[in-house]
Amino acid sequence: MRIAVLSVLLAAAWPLCAQIDNGNISGRVTDPTGAVVAGAQVTLLRTETNTESVATTNAAGIYRALNLRPGLYRLTVVAPGFKKRVADNIELRINSTLAVDMPLELGVVTDRVEVSASSQLLDTETSSSGTTMAGDYFYNLPNYQRHASAVLLFTPGVTFSANQYTKSLSGMTINGLGSGVMGYFEDGTLATMGARGDNSETVDNSIEEIKVFTSAMPAEYGHSGGVGISIVKKSGTNQLHGEITEQVRTRSMQQRRFFEQYRNSQIQ
């Protein structure tokens, strides 16, 4: 009975913990005079998978689409007496909230107004700050041992007091906060293990996006008193694709550090 109850609780908790890395899109729908439009239907289509999320504007003309996977979206607004408005190429990043306002023009729904949205560089809807990096970009960086936690090597405000090639967060400090208060999250699940700050071994070319929080993490993360790393893995799309990685490293091809006269293999 205890095992059955625990299984049910874990199954119920899994969707909740897996959603904290998702993002949100919200905004206000207005008419040509600037007055709000209530009851407008807002549809967000993730173009990579053709999955849709639908929201309706409230009495203040505000819509909110929550728990959206990071990616590119097409936003469509439909309201009686107005032309359909479509905004393409809206890029939603990990754990961000985009503000996308949609002004409508008078007309019939069969008419259509299209705009090409540009990505926001600054998230003005949340108080957390940090560095966000695309997974493919991170994969192409000179990451010696291919550990995902090495993203800290490329993040402003990070200092080290230990071996910087280890997969552990131990010895790393972000803006004065040590590894004891860091969190490491993979698809919304806490992935740190033990007091030393060891974390799961994320396959680096499976990362869609990675974010380092350099200020207090949002409250929904929990499990950490300060900063941390959040990773979203790649998901499927409508097109068949795959990836193969080969890595070869030999001692004869490894360079010495600047002040070392010999390689380890030469002094053994």
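Residues numbered from 1 in each chain as written. Predicted model: local features only at pLDDT ≥ 70, side-chain atom pairs only at ≥ 80, totals over all residues. Heavy atoms only, no water.

**A few points about the overall build of the protein**
Stage number 1. Scanning the protein for helices and strands turns up three helices and 18 strands.
Stage number 2. For the protein, the residues scored as buried account for 38% of the 268 residues in total.
Stage number 3. Split by element, the accessible area of the protein, about 15500 Å² in all, is 54% carbon and sulfur. (Helix = DSSP H or I, 4+ residues; strand = E, 2+ residues; numbered from the N terminus. Buried < 20%, exposed > 50% of the residue type's maximum accessible area, 1.4 Å probe, protein only. Areas by Shrake-Rupley, 256 points an atom, 1.4 Å probe, with all protein chains shown as cover.)

**Considering the pattern of salt bridges**
Stage number 1. Applying the stated criterion to the full structure yields six salt bridges.
Stage number 2. A salt bridge links Lys83 to Glu105, with the nearest nitrogen and oxygen atoms 3.7 Å apart. Note that Lys83 is positioned in the loop between β5 (71-78) and β6 (84-92) and Glu105 in the loop between β8 (102-103) and β9 (112-116), a separation of 22 residues in sequence.
Stage number 3. Take Glu105: its relative accessible area is 36%, and that puts it in the partly exposed class. (Salt bridge = Lys/Arg side-chain N within 4 Å of Asp/Glu carboxyl O.)

**Overview of the pairing of strand β2 (residues 41-46)**
For a regular strand, side-chain orientation follows a simple rule: the groups alternate between the two sheet faces.
Stage number 1. Among the six residues that make up β2, five are buried, leaving the element largely enclosed by the rest of the structure.
Stage number 2. Examined bridge by bridge, β2 and strand β3 (residues 51-56) share six bridges and lie antiparallel to one another. Residue pairing in the sheet places Leu45 in a bridge with Glu52 of β3.
Stage number 3. Here β2 folds back onto β3, and the loop between the two strands holds four residues, one of which, Asn50, carries a positive phi near 60°.
Stage number 4. Where β2 and β5 come together, six bridges link them in antiparallel fashion. For Arg46, the partnering residue across the bridge sits in β5 and is Tyr73. (Pairing = 2+ DSSP bridges.)

**Some thoughts on the sheet that holds strand β10 (residues 130-134)**
Stage number 1. Spatially, five strands are ordered β10-β17-β18-β13-β14 in an open sheet, and the strand pairing comes out mixed. In this open sheet, the two edge strands, each paired with only one partner strand, are β10 and β14 (189-190).
Stage number 2. Direction of pairing for strand β13 (residues 183-186) relative to strand β18 (residues 228-233): parallel, over a ladder of four bridges. By the bridge assignment, Phe185 is partnered in β18 with Ser230.

**Observations concerning the nonpolar core**
Stage number 1. In this structure, Ile25, Val29 and Leu75 are the most contacted members of the largest nonpolar core, which totals 22 residues.
Stage number 2. Where this core is concerned, the elements lending two or more residues are β1 (23-30), β2, β4 (62-68), β5 and β6.
Stage number 3. When residues no more than four places from it in sequence are discounted, the contact partners of Ile25 are Leu44, Tyr63, Arg64, Ala65, Leu68, Tyr73, Leu75, Ile90, Leu92, Leu98 and Val100.
Stage number 4. Within the second largest apolar cluster, 19 residues are counted, among which are Val158, Ile174, Ile210 and Ile231. (Core = buried A, V, L, I, M, F, W, Y, C linked by side-chain atoms within 4.5 Å. Contact = heavy atoms within 4.5 Å.)

**With respect to the confidence of the model for the protein**
Detailed reading of the predicted coordinates is not advisable wherever pLDDT falls low.
Stage number 1. Averaged over every residue, the pLDDT of the protein is 76; the share at 70 or more is 72%.
Stage number 2. Taken element by element, the predicted model of the protein shows its lowest mean pLDDT in helix α1 (residues 2-17) (43) and its highest in β2 (94).
Stage number 3. Predicted confidence for residues 3-18 stays below pLDDT 50, and this span has six contacts to residues more than four positions away or in other chains. (pLDDT = per-residue confidence, 0-100.)

**Some remarks on the environment of Thr159**
Stage number 1. With respect to the helices and strands, the residue Thr159 is situated in strand β11 (residues 158-160).
Stage number 2. The partly exposed category is assigned to Thr159, whose relative accessible area is 46%.
Stage number 3. Along the chain, Thr159 and Leu177 lie 18 residues apart, while their C-alpha atoms are 9.9 Å from each other.

**Observations regarding unusual backbone geometry**
Stage number 1. The backbone of Asn50 shows a phi angle near 60°, a positive value even though the residue is not glycine.
Stage number 2. By the element assignment, Asn50 lies in the loop between β2 and β3.

**Digging into the side chain of Thr57**
Stage number 1. With respect to the helices and strands, Thr57 occurs in the loop between β3 and β4.
Stage number 2. Since its relative accessible area comes to 5%, Thr57 is described here as buried.
Stage number 3. In this structure the side chain of Thr57 is engaged in a polar contact, spanning 2.9 Å, whose partner is the backbone nitrogen of Gly39.
Stage number 4. Of note is the side chain of Thr57, whose polar atom sits 2.8 Å from the backbone nitrogen of Ala40.
Stage number 5. In contact with Thr57, not counting residues within four places along its chain, are Val29, Val37, Ala38, Gly39, Ala40, Val42, Ile62 and Tyr63. (Polar contact = N/O pair within 3.5 Å; in protein donor to acceptor, adjacent residues only side chain to side chain.)

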